[in-house]
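Structural overview for review
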Amino acid sequence: MKSCPNKAIYKTDEGIVLIDEKKCMGCQYCEWACPYDALTLDNEKGVMTKCTLCYDYLAEGKEPACVAACPMRVLEVGDLDELKRKYGNHDNIFPLPPVHHTKPSIVIKKHPSAGESKEWKIINKEEVKNA
Amino acid sequence: MHSSEWSLVFFTTISQLAAGMMIAVLPFVFSKKHKEYAKMNQTALYSATGLMLIALVLSFLHLNNPVNSVYALSNLKTSWLSREILFVSLFLFFLVIANFIIYFKNPQVKYYKTLILVTASVGVVLVYTMSKLYIIPTVPPWNSISTMIEFYSTALLIGSAFVLGLSIQYETKNKEKIQLSTKAKTLAFMAIITILIIVVNELFLSPNVAEGNVAFKPLPLNGSFMLTRWLTILLGAVALIYIYFKKNSSKKMSLAYYLPFTLFLISELIARVDFYTSFYNIGL
């Protein structure tokens, strides 16, 4: 949001970050600035696009599509404090970007073998990147 | 490197060349014999303006939805890209105004000098904003003072080498043989110092990409490209030293004095491709 020259990226009252397509010029600077690689170019429209957390579904009281579709039921959306109470406060897990950069609104129930150190390496890079 | 970044390679290098030229021309503009250099200064100004017009077109080629560029100055408060766009526009604006004054009016010396100084200063700020927009914590290989040193070095190296060639070309116009002026020698010296800064920056100041909590790192640029980068800069330095110590510069060879500029330009373009190729971001 700070990087976008056009102020085309904004946050809703619910904390969802969205892109105003009427303002985006497709310079892709946000793609460099985003630590989560969350923004990609919509080649047809020539503007950036990202996950909207299915805000329209949420408004209707439905779950986001990814949460509803996950066969293992590992995703949940809700109030951050409530989720932290439920699952703990783990957010600094490699290879996610360091939390001092991102201050993420995310809670991850840590796998016993998940690492927090830079010593950890991804060995199946081809499978993870551009999956 | 993404194919869309080719326009950025040329946009950044060309704008930095124009800014460097405006800095390098200052000793000639503020010289006591400035009237002798009037034609040369005019050519430098026209060239910088032409380059910035090309740079502007290239910057638009990078945009996927250029119509919305009308909003590009909306976020001057926090976005370095917004600030860069402002200074690209200001630099071009001042260049056009200076051209207008020279072309349509007899330049009043005092006013003209101030205008050139302001234009060069805007060019310096432009290079600053340009480097700041790449110094971002999400991209470790760019997130250091080394990026700023690289951009200013490019501006000074190719800018001074071009104006050096231009000054010898103009000085040999009316004379068969000339001795290199103190100003031209200063430019050659400035370029040599800049090469030393480039070497120190590359060897000691570039960020250590082995550090940091990152999952993916890029493949380095092909070794033969980097060899060409260092060979061209070395050959350019040898040519500069030859020009510096040569007793007489002849008219017949005047175009050969652009050789250091040509070699440095090739070298800096390869370095810029290497800069964009080095991209990777933190996290996934």
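Look up: the structure comes first, before these words.
So, here's what we can say about the structure. (Residues numbered from 1 in each chain as written. Chains lettered and ligands numbered in written order. Predicted model: local features only at pLDDT ≥ 70, side-chain atom pairs only at ≥ 80, totals over all residues. Heavy atoms only, no water.)

What about the overall build of chain A?
Counted only if it meets this: Going along the chain from the N terminus, every DSSP run of H or I of four or more residues is numbered as a helix, and every run of E of two or more is numbered as a strand. Each residue is placed in one exposure class: buried if its accessible area under a 1.4 Å probe, protein chains only, is under 20% of its type's maximum, exposed if it is over 50%, and partly exposed if it falls in between. Pairs of residues are marked as contacts when any of their non-hydrogen atoms sit within 4.5 Å. Under the convention used here, a 1.4 Å probe and the Shrake-Rupley method define accessible areas, while residue burial counts only the protein chains that appear.
When helices and strands are counted, chain A shows six helices and four strands. Counted from the first residue to the last, chain A has its helices and strands arranged as β-β-α-β-β-α-α-α-α-α. Taking all 131 residues of chain A together, 33% fall into the buried category. Pairs at least 24 residues apart make up 27% of the contacts formed inside chain A by residues separated by at least 6 positions. For chain A, the accessible area works out to roughly 8,900 Å², and carbon and sulfur atoms hold 52% of it.

Some points on the side chain of E31(A)
For the record, the criterion: Here a polar contact is taken to be a pair of N or O atoms separated by no more than 3.5 Å, where protein atoms must pair a possible hydrogen donor with a possible acceptor and residues adjacent in sequence count only if both atoms sit in side chains.
With respect to the helices, strands and loops of the structure, E31(A) is situated in helix 1 (residues 29-33). Polar side-chain contacts of E31(A) include one of 3.0 Å to the side chain of Q28(A). The contact partners of E31(A), leaving out residues within four places of it in the chain, are D37(A), L39(A), M48(A) and N281(B).

Examining the packing of aromatic side chains
Note the following rule: Note on aromatic contacts: the rings of Phe and Tyr and the six-membered ring of Trp form a pair at centre separations within 6.5 Å, being stacked when their planes are under 30 degrees apart, edge-to-face when over 60 apart, and tilted otherwise. Cation placement over rings: the criterion is NZ of Lys or CZ of Arg within 6 Å of the ring centroid and within 35° of the ring normal.
According to the stated counting rule, one finds 21 aromatic pairs over all chains in the structure shown. When the centroid spacing of 5.4 Å and the interplanar angle of 75° are considered together, the rings of Y134(B) and F275(B) count as edge-to-face. Remark: F275(B) occurs in helix 9 (residues 259-277) and Y134(B) occurs in the loop between helix 5 (109-132) and helix 6 (145-171); sequence separation between them is 141 residues. Chaining the aromatic ring pairs together yields one cluster made of Y29(A), W32(A), Y134(B), W142(B), F151(B), F275(B), Y276(B) and F279(B). Sitting over the ring of Y244(B), K185(B) keeps its end group 5.3 Å from the ring centre. One cation-aromatic arrangement involves R229(B) over W230(B); the distance from NZ or CZ to the ring centre is 4.4 Å.

Comments concerning the pattern of salt bridges
To be explicit about the condition: Salt bridges are defined by distance alone: a side-chain nitrogen of Lys or Arg within 4 Å of a carboxyl oxygen of Asp or Glu.
Enumeration over the complete set of coordinates arrives at six salt bridges over all chains. With a closest N to O distance of 3.1 Å, K62(A) and E60(A) form a salt bridge. Using a relative accessible area of 44% as the deciding quantity, one classes K62(A) as partly exposed. Across the pair R272(B) and E150(B) runs a salt bridge, and its minimum N-O distance is 3.9 Å. A residue pair is termed long-range when its members are at least 10 positions apart, and R272(B) in helix 9 and E150(B) in helix 6 qualify at 122 residues. For R272(B), a relative accessible area of 0% puts it in the buried group. For E150(B), a relative accessible area of 15% puts it in the buried group.

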